[in-house]
Amino acid sequence: MIRYLLRRILHAIPVVFGVALITFILFHLVGGDPVNMLMGKHASAADLDLVRAEYGLDRPLWQQFLHYLRQICTLDFDRSFRTKQSIGSLLRNGVFASLCLAVPPFLISSILAIVMGMLSAFYRNRFVDRALVMLSIVGLSVSSLAIILFGQYFLAYRLNWFEISGFESTFPEMIPYLLLPWIIWVLISIGADVRFFRTVFLEEMNKDYVRTAYAKGASTPRVLFIHVLRNGLLPIITRLVINIPFLLMGSLLLENFFGIPGLGNLTVNAFHYADWPVVKAVTFLSSLLYIAGHIASDFLYALADPRLRDSVGP
Amino acid sequence: MHWKKTASIFAVLILAISCDKKKIDTSKKVLNYSLEAEIEGFDPIMATDEYSTQSVLEVYETLLEFEYLKRPYELRPGLVERMPEVSADGKTYTFTLRPGIFFQTDPVFQGKPRALVAADVIYSFQRLADPATKSPNYWVFENKIEGLDAFREKLAGAPRPIAYEDFPVSGLQAPDDRTVVIRLTEPSPIILYSLAMVSTAIVAKEVVEKYGAEFVNHPVGTGPFALKEWKRNQKITFVRNPNYWGSAYPTEGETSDAGAGLLAASGKKLPFIDELVFWIHVERQPMWLNFLKGNLDFAPIPKEAFDNVFDAAGNMREDMKKRGLRSERQIGVDLVFQIFNLADPVIGKNIHLRRAISMATDRVEKNKLFYNNRAIEAMGPIPPGIFGYDEALKNPNGLNLEAARREFELAKALHQKNFGDKTPLKVTLETSNNPASRQLAEAFIADFQRLGLNADLQVYTFASLGDRMKKSQGQMYSYAWYADYPDAENFFQLLYGKSVSPGPNHANFQNKEFDRLFDKMRNMPNGPERLVVIREMVRIFHAEVPWNLFNHRISVAVSQPWLKNFKRHNISPAYFKYLDVDMQEKAKTLSRAR
């Protein structure tokens, strides 16, 4: 198993290299000139050349790419062109806020969706199923922006139940600020998950082992939560693990509306202002997260299914 | 049923935490305000946007500053005792620093008070010119101070570390601790505006050297406030600087200011508030809701909320009046326009095409649709509030569909003559990818297409659009210019022949007579002679049509009843030291509302 994991990590190296290369090419094709952004509206050609030289941006592209690779190896991305902050501190702060925003609702919505998906499958074509499917479709259909605007206006402003926006980095002071974004996150994400898990469990429930379990006298909860859930674990793991990178990078709207200083906002601003050091760091981080997500899902597959564990060797 | 009980307790606890309403602390005066974006840090020479300027100038100060209440905008002494003495040739400015100005306390001063001296001014200006700092703001001194450009050239690529004292600048002298002499390359009254800009704020050498790259996070200035805490992308908290020398609230303003209660605090020592908090709200809804809830003391009105505050006649609605809200309206010292890139052969060689486009543009309709009529049609390149603005001027290339069609016919003929059938007559407008810019540009395109012109829109990221303009790659660009200082020169330099792309003249407009007049006017004091020159430059502008003029924006803000002395300043956004908050009134008003 350890050898398998090491092999997967080694396989990740060329992937990181490929992502770095693609990022580098794309940024140089369409990203805009970071020096133009940095030096502003009044800069003369001489000023631009001077600063380009100071940052090494006048060197041949292959040399600049090698510099990027060196930064990846040393994990030193220097400082943001725009805010002059060290990239390390920007990422640390952003990751913490993003995780505070994303992890609790992710866990809650995942557990709720699994339970609701199973209930929906168990009560197929009955009232519970129809109600859950309808609610899921409503959740899927209403735009996340509308839910955010509505939640912030009515629940926070009109009813005064929550803070309108803000963030505290200490516990439990952060809870009043995060409650509403958490609720909205759950509302936004749960619909699609319920539909997906319902399909997974429906498929499992029609299998022979379920009938056998019932025939052996197993109770319904035991059949559902031991047999069906265990056998449906692989697609569940795939779906949940693949979402993990989005926990850090994919909550831009919630961050912006609720004033949460996470990575989503940092990433968008970096592209907007052609802040090349930050772009390099966040693309590297996101590629690492994706790769880590895939490795984690493979690892969990192996744990969940002994046949897979055996096939990957010692 | 056990789980139901647990869930209920949990829900009640969560709601109790979330609904725990904070009592307003009236023991200290706290002012809350909202910024729309993260700042660029606290290094004065790196600040380029409004929010960074606002933040930096709470901590740092400049030699001169703008009068808070007077309009048109006027300078007054800041760190200096009085306005400078100017030599007979108009090239030497002598400043005397106020006595008893100290930097904020910082460990770098080892517990000793650190007085501001003339050497700090020289150091700060040299630092701005040092190419190693990569400041985007050197243009404020470029070609202006004797020997400073040469200093910059000498330092480019020179081995570091460098002591600025080893590279003296003939135009920057400190004969004693309180005297600064600035010698200019040519007479230029505009230099005084530079000395009120954020990039020329005075820093202490030992602080810069001690903190190095982290200086951006460790502001130590002489200003009214000191940085207490900066939570990135979230909020910035300042506290009153106990060492502040204490400038006084102005005793003069516009005629209407006394009636508005703006002179009630005349002569009182600044600042009035103990703590200043800048919240960062990237989206407008949370900013606006926080204002309505009383969490912010004043706020600009978002376009979407405008109709909730004012009725169709422009009067404040009753429910807003009941809250005691007050509105404040300012015409921006700005210009929104489209640049014709004259280096593009299709646009550049066809004056009739530029006229036709300008005459087909319905500015009044766009102001109504996109600005809630909070903008005035631009008739020339100079905005209101600046010397040279002509209230009676009409844009000769303003909306006139009949004339536009005539011009378009001439444009087609000229294009045929210039290019034959090889190049189709087509115009592309380029704009940035934010939804508001895009929608506005689409409406402009519809105007151009009314003529039968083959016009389309290309959308770029903010960075890419800037890049294309610097490289002169497009035909027409959406653009806006906010005055760096209140002088016509700041707008005309966008058309100066020596500043073509990648300089700020993205129209690549080159007109010898215009350039000659520009060289003349920029060194003239305001007066009838300068006005004649400015009028002639505006005439050339209208004859050549390098821009398609659009509007000057009006910003409307609302303030809470407990905020005192509130009058926004369009040129210098760091006016918080003049503001006051009546915390008792705030507590009373909010307790009633809640």
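Treat the numbers as computed from the prediction; the structure is a model and nothing was measured.

Student: So what exactly am I meant to see when it comes to the overall build of chain A here?
Tutor: Helix and strand counts for chain A stand at 15 helices and zero strands. Per-residue burial for chain A yields a buried fraction of 37% across its 314 residues. The contacts in chain A between residues at least 6 apart in sequence include a share of 71% that link residues at least 24 apart.

Student: Even after reading the chapter, I still don't get the confidence of the model for chain B, so can you show me in this structure?
Tutor: Any region with low pLDDT has predicted coordinates that should not be read closely. In the predicted model, chain B carries a mean pLDDT of 93, and 96% of its residues have values of at least 70. Across the interfaces of the predicted complex, the ipTM metric reaches 0.85, alongside a pTM of 0.88.

Student: Hey, could you run me through helix α14 (residues 401-419) of chain B in this one?
Tutor: An α-helical segment advances 3.6 residues per turn. Residues three or four places apart therefore align on the same side. All names here are of chain B. If you check α14, its first and last C-alpha atoms are 26 Å apart, about what 19 residues at 1.5 Å a residue would give, namely 27 Å. Taken residue by residue, α14 has Ala 404, Glu 407, Phe 408, Ala 411 and His 415 as its buried positions. Along the axis of α14, the buried positions cluster into a sector of 110°, meaning they face one direction only. Opposite the buried face of α14, at more than 90 degrees from it, the exposed residues are Glu 402, Ala 413, Gln 416 and Lys 417. Of the surrounding secondary structure, the elements contacted by the buried residues of α14 are α11 (345-348) and α12 (351-360). Directly beyond the C-terminal end of α14, a positive phi value near 65° is found at Gly 420.

Student: I'm lost on the pairing of strand β7 (residues 179-183) of chain B in this one. Help?
Tutor: Each regular strand shows side chains that alternate between the opposite faces of the sheet. Residues and elements named next belong to chain B. Residues Val 180 and Ile 182 of β7 are buried on one face, while the alternating residues Thr 179, Val 181 and Arg 183, pointing to the opposite face, are not. Looking at chain direction, strand β6 (residues 172-176) and β7 are connected through three bridges and run antiparallel. Within the sheet, the bridge partner assigned to Gln 173 lies in β7 and is Val 181. Hairpin connection between β6 and β7: a loop of two residues separates the two successive antiparallel strands.

Student: Would you take a moment to explain the sheet that holds strand β10 (residues 275-280) of chain B for this structure?
Tutor: The strands making up a sheet associate through hydrogen bonds between their backbones, and the pairing can be parallel or antiparallel. Residues and elements named next belong to chain B. Across the sheet, which stays open at both edges, the four strands sit in the order β1-β10-β9-β8 with mixed pairing between neighbours. Both edges of this open sheet fall to β1 (30-35) and β8 (225-231), since each of them pairs with a single strand only. Within this sheet the neighbouring strands show an average axis-to-axis angle of 20°, counted without direction. With six bridges joining them, β1 and β10 adopt parallel strand pairing. Within the sheet, the bridge partner assigned to Tyr 33 lies in β10 and is Phe 278. Contacting β1, β8, β9 (235-240) and β10, helix α2 (residues 50-59) runs over the sheet at an angle of about 135° to β8.

Student: Honestly, the sheet that holds β7(B) in this entry has me stumped. Any pointers?
Tutor: All names here are of chain B. Taking strand neighbours across the sheet as the criterion, the four strands line up as β4-β5-β7-β6 in an open arrangement whose pairing is antiparallel. Each of the sheet's edge strands pairs with one partner strand only, and the pair in question is β4 (85-86) and β6. In this sheet, β7 lies alongside strand β5 (residues 92-96) in antiparallel orientation, the contact comprising five bridges. When the bridges of β7 are listed, Thr 94 appears paired with Val 181. Of the strands in this sheet, β6 and β7 are in contact with helix α3 (residues 118-129), which crosses β6 at around 170°.

Student: Is there a simple way to think about α12(B) in this case?
Tutor: Residues and elements named next belong to chain B. With eight of its 10 residues buried, α12 lies for the most part within the structure. Those residues of α12 that sit buried are Leu 353, Arg 354, Arg 355, Ala 356, Ile 357, Ser 358, Met 359 and Ala 360. Turning to α12, the residues buried within the fold contact β13 (334-340), α11, α14, α15 (435-450) and β18 (547-559).

Student: So what exactly am I meant to see when it comes to the domain arrangement of chain A here?
Tutor: The figure often quoted for interface size is the accessible area lost as the parts come together. With domains assigned, chain A is organised as domain 1 (2-74) and domain 2 (89-272). The C-alpha centroid of domain 2 of chain A is placed 35 Å from the C-alpha centroid of domain 1 of chain A.

Student: What is the right way to read the interface of chain B and chain A from this model?
Tutor: Every contact between the two is made by 44 residues of chain B and, on the other side, 47 residues of chain A. When contributions to the side of chain B that touches chain A are tallied by element, the ones reaching two or more residues are α1 (2-18), α8 (284-292) and α16 (462-470) of chain B. The dominant element in the side of chain B that touches chain A, judged by the number of residues it contributes, is α16(B), at six residues.

Student: Honestly, the pairing of strand β16 (residues 454-460) of chain B in this entry has me stumped. Any pointers?
Tutor: Here strand β15 (residues 426-432) of chain B runs beside β16(B); their pairing, made up of seven bridges, is parallel. Note on β16(B): the bridge partner recorded for B:Lys426 is B:Asn454.

Student: Looking at this structure, how should I read unusual backbone geometry?
Tutor: A:Pro172 follows A:Phe171 through a cis peptide bond whose omega is 5°. Residue placement: A:Pro172 occurs in the loop between α7 (144-158) and α8 (175-205). Cis peptide bonds are those with omega within 30 degrees of zero, and the linkage from B:Arg71 to B:Pro72 qualifies with -5°. Structurally, B:Pro72 can be placed in the loop between β2 (64-66) and β3 (75-77). At B:Ser472, a position not held by glycine, the phi torsion is positive, near 60°. Relative to the helices and strands, B:Ser472 is located in the loop between α16 and β17 (476-482). Note on B:Ser472: 16 C-beta atoms within 10 Å, which makes it partly exposed. A positive phi is found at B:Asn508, a non-glycine position, where the angle reads about 55°. Mapped onto the secondary structure, B:Asn508 falls in the loop between α17 (489-492) and α18 (512-521). Using a count of 20 C-beta atoms within 10 Å as the deciding quantity, one classes B:Asn508 as buried.

Student: Sorry if this is basic, but what is going on with the domain arrangement of chain B here?
Tutor: Residue and element names in this part refer to chain B. As far as domains go, chain B holds domain 1 (61-222) and domain 2 (334-554). Computed over C-alpha atoms only, the centres of domain 1 and domain 2 are separated by 36 Å. Of the residues lining the interface, 10 residues belong to domain 1; the matching set on domain 2 comes to 10 residues. Split by residue class, the side of domain 1 that touches domain 2 holds seven nonpolar, one polar and two charged.

Student: What should I look at first to understand the nonpolar core in this one?
Tutor: Grouped together as the largest cluster of nonpolar side chains are 211 residues, with contacts concentrated most on B:Phe337 and B:Ala356. With 14 residues, the single largest contributor to this core is α8(A). Beyond its immediate sequence surroundings of up to four residues, B:Ala356 is in contact with B:Ala404, B:Glu407, B:Phe408, B:Ala411 and B:Leu451.

Student: Explain the packing of α18(B) against helix α19 (residues 528-544) of chain B to me, please; I cannot follow it from the model alone.
Tutor: Think of two packed helices as two axes; the pair is described by the angle between the axes and how far apart they sit. Residues and elements named next belong to chain B. Viewed as axis vectors pointing N to C, α18 and α19 meet at an angle of 155°, and their least axial separation amounts to 10 Å. It follows from the interaxial angle that α18 and α19 lie roughly antiparallel. Seen from above, α18 lies across α19 with left-handed handedness. Contact residues: α18 offers Glu 513, Phe 514, Leu 517, Phe 518, Lys 520 and Met 521, while α19 offers Arg 530, Val 533, Ile 534, Glu 536, Met 537 and Ile 540. Residue composition of the contact of α18 with α19, grouped by class: eight nonpolar, no polar and four charged.

Thresholds, definitions, all that
- Residues numbered from 1 in each chain as written.
- Chains lettered and ligands numbered in written order.
- Predicted model: local features only at pLDDT ≥ 70, side-chain atom pairs only at ≥ 80, totals over all residues.
- Helix = DSSP H or I, 4+ residues; strand = E, 2+ residues; numbered from the N terminus.
- Buried ≥ 20, exposed ≤ 12 C-beta atoms within 10 Å, placed from the backbone.
- Contact = placed C-beta atoms within 7 Å.
- pLDDT = per-residue confidence, 0-100.
- Expected span 1.5 Å × (residues − 1).
- Arc of directions from axis to C-beta.
- Pairing = 2+ DSSP bridges.
- Axes fitted to C-alpha atoms, helices over the stretch in contact; angles between N-to-C directions.
- Domains from an automatic or database assignment.
- Nonpolar A, V, L, I, M, F, W, Y, C, P; charged D, E, K, R; others polar.
- Core = buried A, V, L, I, M, F, W, Y, C linked by C-beta atoms within 7 Å.
- Parallel < 35°, antiparallel > 145°, perpendicular 65-115°, else oblique.
- Left-handed = near helix turned anticlockwise from the far one by under 90°.

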